[in-house]
Amino acid sequence: MEWIGRTARAARWRAATAMRAVRRAWAGPGRERDVVAQAGKAALAAWIAWAVAGWWLAAPLAFVAPWVAVALVESTVYRSVAHGLQQLAAIAAGTVVATAAAMVLGDAMVTMAVVLPLVLLLGQWRRLGSQGIFGATGALFVLTGGEVTLAGAAARLTEAVFGALVGVAVNALIRPPTYLRDTRAALAEAAREARDILDDVADGLTAAAWDGHEAGVRHERALRLGRLVDRARSAIGWSEESLRGNLRRPRKQGAVPPGTTYADALAVLDYVAVHTAGVTRTVREAAEGATSRPAGTVTTAYADFLRETARAVHLYGEYRLATDGQDETTARALHEAAERLRHTLDALRRQLPGAAPDDPDALVTYGTLLAQAHRLADHLGAKRV
């Protein structure tokens, strides 16, 4: 009976997650509302394609038009156009090869055995990208749709072209997707997590005892920060692509384009993630006995440095990722935080060499921590405004 309880809990969790997504979509702009909008646009594109091709024109193979139209309401306008061209090329190749082979061989089963391997290999051509599979689909439509004729092949291609035009037009003209909000949200989430992890690691450094398990948990959390930064990097790529050929480009003077601002923020957060992972790895090794634990005076000073870093990262995120423009008050606070960070680093640099003159293992640990701190401070100082 235990599995029934687990299944029920999982079902409740999924239902609660779905309800939260619905509430977020209803409450305001966000990823959830974008997904709903794209689904509605895909349905609208299929309806328009069928209304014209199937109902009004009564085309013989009208089903091809809505099928292609749905597939081409993509996540970005650029992707709709690019995939549309690739998909049409794949469908045309599969249709032409299957029609020619069927008219020569005269038997659908024999033709299928000969044609499908060829069009599936053709679908691997890199210029067709992810749309290469539509070559095999086009061939199957020909070979399973009854009598094979040149008129039927021409009708399939015509309907495919019409469906592609409808799908691309709907995606480009009706609420074309942009992802600047997702990019800012991903970077802001990474900045918040970086601040929280640095504060947590600082608290762990000054704890009376270093527990190996807790140190391992902090290290895993630091590694997850790296994955958050990777997600932000991916979001920047989506944002840049979503603006190509998009009629809904940001026109407000205060809108932040996905350019230097986001790239600089990503560079800072990327190094924060690397630095934090390095620090937590060093602490974990010391907690597990692989290296010597630094003296209390050193860990206290290093914890102060991490707290100053956390504050600088927080202010950096507020300044760089502000939705209403960059605030001069925040800029001054960030500049002051960067200066305090450098002063803390200078004090740490002066203190570490004499902390353990007779302990080579401890000096190795100190040197690793100091090198990481120095590079991080330089990076935050170089990118602070």
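Look up: the structure comes first, before these words.
Figured I'd write up the structure that's included with this text. (Residues numbered from 1 in each chain as written. Predicted model: local features only at pLDDT ≥ 70, side-chain atom pairs only at ≥ 80, totals over all residues. Heavy atoms only, no water.)

**Points about the pattern of salt bridges**
For the structure on display, the rule yields seven salt bridges. A salt bridge links arginine 195 to aspartate 196, with the nearest nitrogen and oxygen atoms 3.2 Å apart. In this structure, the salt-bridge partner of arginine 307 is aspartate 203, at a minimum N-O distance of 2.9 Å. Here arginine 307, found in helix α11 (residues 296–320), pairs with aspartate 203, found in helix α8 (residues 180–205); they are 104 residues apart in sequence, far enough to count as distant. (Salt bridge = Lys/Arg side-chain N within 4 Å of Asp/Glu carboxyl O. Helix = DSSP H or I, 4+ residues; strand = E, 2+ residues; numbered from the N terminus.)

**Some remarks on the packing of helix α5 (residues 108–122) against helix α6 (residues 133–144)**
Look at α5 against α6: their axes get within 9 Å of each other, and the N-to-C directions meet at 170 degrees. The pairing of α5 with α6 is recorded here as roughly antiparallel in orientation. Residues Ala108, Thr111, Met112, Val115, Leu116, Val119 and Leu120 of α5 touch α6, and the partners they reach there are Ile133, Gly135, Ala136, Ala139, Leu140, Leu143 and Thr144. A class-by-class count of the residues in the contact of α5 with α6 yields eleven nonpolar, three polar and no charged. (Axes fitted to C-alpha atoms, helices over the stretch in contact; angles between N-to-C directions. Parallel < 35°, antiparallel > 145°, perpendicular 65-115°, else oblique. Contact = heavy atoms within 4.5 Å. Nonpolar A, V, L, I, M, F, W, Y, C, P; charged D, E, K, R; others polar.)

**Overview of a nonpolar patch on the surface**
A contiguous nonpolar patch, built from Val104, Leu105, Val110, Val114 and Leu118 and spanning about 450 Å² of accessible area, is present on the exposed surface. A total of three residues in the nonpolar patch trace back to one element, the largest contributor, which is α5. (Patch = residues over 30% accessible without salt bridge, like charges linked within 9 Å, V, L, I, M, F, W, Y side chains within 5 Å. Areas by Shrake-Rupley, 256 points an atom, 1.4 Å probe, with all protein chains shown as cover.)

Limitation: the analysis is restricted to geometry and does not speak to function.
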